[in-house]
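Here is how the chains run, residue by residue.
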Amino acid sequence: MTDTNLGIAVHELHKQFKDGPKAVDGISLAVAPGEIYGFLGPNGAGKSTTVHILTTLLRPDGGYATVQGYDVVKQGAQVRASIGAALQEAALDPMLTGREHMRLQTALQGLPRSTRRPRGNELLERVGLIDAADRRVGSYSGGMKRRLDLALALVHEPRVLFLDEPTTGLDPQSRSDLWREVSRLAREDGVTVFLTTQYLEEADVLADHVGIISRGRIVAEGTPEALKAEIGRPTLEVVPVDPADRQRFADVLARFGPAASSAKPSAVAVLLEDGADALASVIRGIDADSLRMDSFQVHKPTLDDVFLAKTGESFAQGDQGASASSEDESLQPAEAPA
Amino acid sequence: MSATSTQVGELARRSLVRTLRQPASIIPSLLFPLVFLALNSGGLGSATRIPDFPTDSYLAFFIAAPFVQAALFATMGAGTDVAKDVQTGFVSRLALTPTRGNALLFGQLAGVLAVSLFSSLTFLVVGLVAGVTFESGLPGMVVIMVLATLIGIALSSIGVMLGMRSGSGEAVQGMFPLFFVFLFLSSLTMPRPLIEQDWFRTIATYNPVSYLLEAIRSLVITGWDGRALALGFGIAIALVAVSVFGASRAVRMRWTRT
Amino acid sequence: MRRFLDVTGAVAWRTIHHFLTQPSILVPSLLFPLFFFTAFSGALSGVEAIPGFDFPSGYAAFQFAFVMLQASAFGGVFAGFSIAADFESGFTRRLMLASPDRRGILAGYAVAALFRAVVVWVMLIVVALLVGMQIDGGALDLVGLYTLAALVNVTGLLFSAGVATRLRTMQAGPAMQMPVFLLLFLAPVYMPLELLEGWIHTAARLNPMTPLLELSRDFISGQPADLWAYAVVLTMFAVLALWALTGLRRAERAGG
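The rules we used
- Note that residues are indexed from 1 along each chain, following the sequence as it is written.
- Here chains are named by letter from A upward and ligands by number from 1 upward, in the order in which they appear as written.
- Selection of residues for local features in this predicted model requires a pLDDT of at least 70, selection of side-chain atom pairs for listing and counting requires 80 or more, and totals for whole chains, interfaces and linings are taken over all residues.
- No hydrogens and no water enter the side-chain calculation; it runs on all heavy atoms of the structure.
- By definition in these notes, contact holds between two residues if any of their heavy atoms fall within 4.5 Å.
- Here the buried area means the combined drop in accessible surface, using a 1.4 Å probe, for two parts upon being joined, counting both sides.
- The term salt bridge refers to a side-chain nitrogen of Lys or Arg lying within 4 Å of a carboxyl oxygen of Asp or Glu.
- Polar contacts here mean pairs of N or O atoms no more than 3.5 Å apart (in protein, one a potential hydrogen donor and the other a potential acceptor; neighbouring residues in sequence count only if both atoms are side-chain atoms).
- Strands here are runs of E lasting at least two residues and helices are runs of H or I lasting at least four, both read from the DSSP assignment and numbered beginning at the N terminus.
- If DSSP finds at least two bridges between two strands, the strands pair.
- The axes are straight lines fitted to the C-alpha atoms, using for helices just the contacting stretch, and the angles between their N-to-C directions are given from 0 to 180°.
- Patch definition: residues above 30% relative accessible area lacking any salt bridge, with like charges linked at up to 9 Å and the nonpolar side chains Val, Leu, Ile, Met, Phe, Trp and Tyr linked at up to 5 Å.
- For the accessible areas, the method is Shrake-Rupley and the probe is 1.4 Å, while residue cover comes only from the protein chains on display.
- We treat Lys and Arg as the positive residues and Asp and Glu as the negative residues; His and chain ends play no part in the count.
- Every charge is mapped to an atom, namely NZ of Lys, CZ of Arg, CG of Asp or CD of Glu.
- To estimate the expected span of a helix, subtract one from its residue number and multiply by 1.5 Å.
- Burial classes follow relative accessibility: with a 1.4 Å probe on protein chains only, a residue under 20% of its type's maximum area counts as buried, one over 50% as exposed, and anything between as partly exposed.

1. Digging into the interface of chain B and chain A
Then, in step 1: The partner chain A presents 35 residues to the 28 residues of chain B that form the contact.
Then, in step 2: Approximately 2900 Å² of surface area, both sides summed, lies buried where chain B meets chain A, with 52% of it carried by carbon and sulfur atoms.
Then, in step 3: Across the contact surface, chain B and chain A share five salt bridges.
Then, in step 4: Where Arg-18 of chain B meets Asp-93 of chain A, a salt bridge forms, and the shortest distance between an N and an O atom there is 3.7 Å.
Then, in step 5: Between chain B and chain A we count seven residue pairs in polar contact (both at pLDDT 80 or more) in total.
Then, in step 6: If one sorts the elements of the side of chain B that touches chain A by residue count, helix H1 (residues 2–20) of chain B sits on top with eight residues.

Here it is, written out as structure tokens:
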């Protein structure tokens with residue numbers, strides 16, 4: 001795809017905050033029109049910074065990006081006119097009602113006076129808030145706030161939608177409601193969606209393509225199916241009773257597949273090439289060497305495994321708090337500490 | 001132009017609605033100045049017996065204070081409101097619409113203007129009911145309202161500037177004592193010529209708040225005093241110019257977009 | 001008794017530590033009384049020219065007496081804020097579980113309140129002497145003055161402790177502050193009682209703070225002191241001690 005195409009195109013994007021690490025360190029990606037792109041990574045990995053650059057709220061240090069064919073640096077106004085963004089949990093005024101938010105947003109987006117009210121009602125209806133429209137937002141649940149946020153982002157019928165962690169902190173029901181609406185937007189209205197998330201499941205359910213980001217770099221990219229297939233084999237983790245036996249364990253396990261990294265320092269791990277079918281042979285092999293095990297665990301691939309495989313650290317460890325805080329500081333306008 | 005006026009109008013409406021729905025933020029700004037007025041005009045009533053005191057009603061002398069005090073509260077209110085908008089990301093939401101940054105500032109100030117007119121009117125009515133004679137009559141009262149509103153806008157813009165720059169309601173509230181000091185180290189409780197401590201009179205003479213108070217005061221106890229009015233309005237207008245400029249720059253700083 | 005003192009010491013140490021290590025608490029509580037003192041005595045010294053103003057030691061000393069009592073009372077009220085904050089954070093629950101004699105907790109806050117008041121007193125007297133305030137009272141008068149201020153301080157604490165133990169939230173702040181504020185400012189703050197007129201004269205005459213204020217002014221100026229004001233403050237002390245202790249019992253019943 002070339003940069004003149006619609007959708008989103010990002011090339012070698014860089015951003016560094018004062019006295020901070022590189023929040024975005026050479027990111028390139030492409031999102032086709034009407035596609036949902038899941039941008040997956042732990043806190044502080046650089047997801048929000050990227051979104052802020054793509055939504056024109058932040059100027060990159062290097063690289064370039066186009067949204068709907070417009071350059072995010074040179075054609076900010078055109079970019080803003082073609083995008084909608086729900087940037088974070090509470091960018092709402094608790095003192096105003098849902099309808100008042102709509103009124104404000106439709107007016108500020110420059111909708112003709114006569115269409116503001118019908119458009120607002122239509123959107124409130126669509127996200128299931130029409131009955132709550134005259135209640136103050138302060139009394140809304142987390143899910144209702146996110147849905148209102150989404151509806152506000154859609155006021156001017158944007159062709160590209162940015163959602164920054166739209167379901168963080170939501171209960172499962174609200175989460176799947178939101179998922180349904182987002183995929184409807186992409187499938188039926190052909191809206192391009194760029195969504196950041198910390199949840200593999202979310203990316204899995206929603207996204208056509210997933211990019212995994214860690215410390216400002218994309219470490220893996222592809223369809224969820226491809227990503228899962230890549231590490232689709234289960235991992236076996238064995239903890240020896242005597243740590244001195246680690247090497248002997250490793251030798252046995254090596255017969256069943258490549259070594260895998262493990263979050264537990266005492267464990268020896270292997271990616272089972274033949275899947276769970278190999279378990280019986282593994283145990284026989286260990287037994288044949290008279291090795292004693294403290295624990296024996298098999299688990300299916302998770303986000304942790306993808307992340308682990310690509311970065312050598314677990315997702316939880318990868319919670320890149322230090323860089324998150326500097327990112328938060330510099331992005332104060334739109335970035336709440338998680 | 002019509003787009004801009006729509007933006008300002010809607011944002012003003014929002015600022016007003018938000019203020020009116022938080023009685024806790026508006027009641028103190030009326031109540032405290034009135035309590036303060038009652039306690040001081042009572043406690044210092046006999047001060048009018050000091051030789052050369054310009055009026056025989058301390059209430060009439062002191063009624064200038066609530067107008068300035070209410071502006072102080074409006075400052076804190078506008079500042080914390082704006083800081084909240086920065087914190088919640090509301091400002092970013094606005095920045096993504098075609099709205100101009102200054103529409104937010106002027107919308108906020110229009111809300112302040114409405115509240116300020118209302119509180120000024122309240123103080124005038126309280127004064128009249130309590131028996132204050134306004135020497136400059138009805139036109140003078142109108143001028144008082146205009147001046148009080150200018151002061152409100154000037155100080156609130158400082159609040160907006162602080163809120164925008166810091167993005168922290170606490171940082172804005174933390175400035176309150178400073179404003180408080182400015183208010184007290186002025187001719188708030190005593191006419192400047194009757195302040196006997198030289199150091200205090202010097203500070204009060206250099207403190208612009210003195211002239212704001214004295215302009216309002218002159219309309220109550222003297223009538224039409226051109227010099228006092230020129231000083232008061234001059235300082236108020238200069239403050240408006242400087243603080244609106246500062247606030248507008250602060251808004252632009254937060255309104256970062258390409 | 002040992003255990004009582006242990007609890008007292010622990011609570012006092014913690015609260016004092018808090019006070020000293022948090023500039024946002026320390027600085028305002030030092031600066032506000034100083035500011036009131038300089039602002040009032042600076043702006044209003046012309047009041048001395050009013051016929052009938054007969055305080056012999058000058059207007060600064062006249063105001064000093066008020067600021068002393070004000071700072072002392074508010075020092076107590078602010079310690080009440082810490083109690084409310086400790087309830088909110090759950091610290092008090094831990095304390096109540098750990099201490100056999102819960103009155104020791106109250107005593108601990110009282111010690112902290114007094115400490116706070118003493119710090120402010122030292123600042124105030126240093127500044128007052130630097131600006132040349134006149135003190136005409138003798139050593140015994142000063143002992144009387146500071147004893148009175150200490151009683152006012154602990155009385156202020158007992159009042160706010162009673163509120164804090166009943167409401168157990170920081171939202172109770174204004175409920176602690178406003179009554180004390182009104183009581184203080186409905187006394188003859190700026191001029192003697194005889195010069196007050198109208199409703200405020202009536203209010204000041206009925207206000208129990210008035211005799212305390214007049215007594216402290218007598219101490220500073222070395223005039224013969226009307227000691228019955230001690231009876232007033234001791235009565236307030238006793239009543240509010242009961243108020244605080246019953247509040248503590250309520251908090252115990254509510255499980256901290």
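On we go.
2. Digging into the sheet that holds strand E4 (residues 62–67) of chain A
All names here are of chain A.
Then, in step 1: Pairing is antiparallel across the open sheet formed by four strands, whose spatial order is E2-E1-E4-E5. Two strands in the sheet have a free side with no partner beyond their single neighbour: strand E2 (22–31) and strand E5 (70–71).
Then, in step 2: Of the strands in this sheet, strand E1 (8–16), E2 and E4 touch helix H1 (residues 47–54), which is tilted by about 120 degrees from E1.

3. Overview of the interface of chain B and chain C
Then, in step 1: Between chain B and chain C, the residue contacts involve 26 residues of the former and 28 residues of the latter.
Then, in step 2: When chain B packs against chain C, the two sides together hide about 2200 Å² of surface, and 75% of this comes from carbon and sulfur.
Then, in step 3: When the area that chain B buries against chain C is broken down by residue, the three leading residues are Leu-39, Ser-46 and Arg-49 of chain B, summing to 24%.
Then, in step 4: Counting across the interface, chain B meets chain C through one salt bridge.
Then, in step 5: Across the pair Glu-197 of chain C and Arg-49 of chain B runs a salt bridge, and its minimum N-O distance is 2.4 Å.
Then, in step 6: Summed over the shared surface of chain B and chain C, the number is three residue pairs in polar contact (both at pLDDT 80 or more).
Then, in step 7: If you list the elements that add at least two residues to the side of chain B that touches chain C, you get helix H2 (23–43), helix H9 (176–184) and helix H10 (198–206) of chain B.

4. What to know about a negative patch on the surface
Then, in step 1: A surface patch of negative charge is lined by Asp-54, Glu-194, Glu-214 and Asp-226 of chain C.
Then, in step 2: The topology assignment puts Asp-226 of chain C in the loop between helix H9 (209–221) and helix H10 (228–253).

5. Some thoughts on H9 of chain C
All names here are of chain C.
Then, in step 1: Taking 1.5 Å per residue as the helical rise, H9 with its 13 residues ought to reach 18 Å, and the 19 Å between its terminal C-alpha atoms agrees with that figure.
Then, in step 2: Of all the residues in H9, the buried ones are Met-209, Thr-210, Pro-211, Leu-212, Leu-213, Leu-215, Ser-216, Arg-217, Asp-218, Phe-219, Ile-220 and Ser-221.
Then, in step 3: Of the surrounding elements, those touching the buried residues of H9 are helix H3 (59–89), helix H6 (139–167), helix H7 (173–185), helix H8 (199–206) and H10.
Then, in step 4: Just past H9, the residue Gly-222 takes up positive phi, approximately 70 degrees.

6. Side note on the arrangement of the chains
Then, in step 1: Among the two pairs of chains that make contact, the interface with the largest number of contacts is formed by chains A and B.
Then, in step 2: You won't find any contact between chain A and chain C; their C-alpha atoms come no closer than 19 Å.

7. Observations concerning the pattern of salt bridges
Then, in step 1: Scanning all chains against the criterion turns up 27 salt bridges over all chains.
Then, in step 2: Three or more residues joined by partner-sharing salt bridges are found here, namely Arg-119, Glu-122, Arg-126, Glu-181, Arg-184, Glu-188 and Asp-189 of chain A.

8. What to know about the pairing of strand E7 (residues 160–164) of chain A
Residue and element names in this part refer to chain A.
Then, in step 1: Where burial is concerned, most of E7 is hidden: five out of the five residues are buried.
Then, in step 2: Of the two faces of E7, the one carrying Val-160, Phe-162 and Asp-164 and the one carrying Leu-161 and Leu-163 are both buried.
Then, in step 3: Alignment of E7 against strand E8 (residues 192–197), held across five bridges, turns out to be parallel. Note on E8: the bridge partner recorded for Phe-162 is Phe-194.

9. Re helix H6 (residues 101–129) of chain B
Then, in step 1: When the terminal C-alpha atoms of H6 of chain B are compared, their 43 Å separation across 29 residues agrees well with the 42 Å that a helix rising 1.5 Å per residue should span.
Then, in step 2: Positive backbone phi, approximately 95 degrees, marks Gly-131 of chain B, located one or two places after H6 of chain B.

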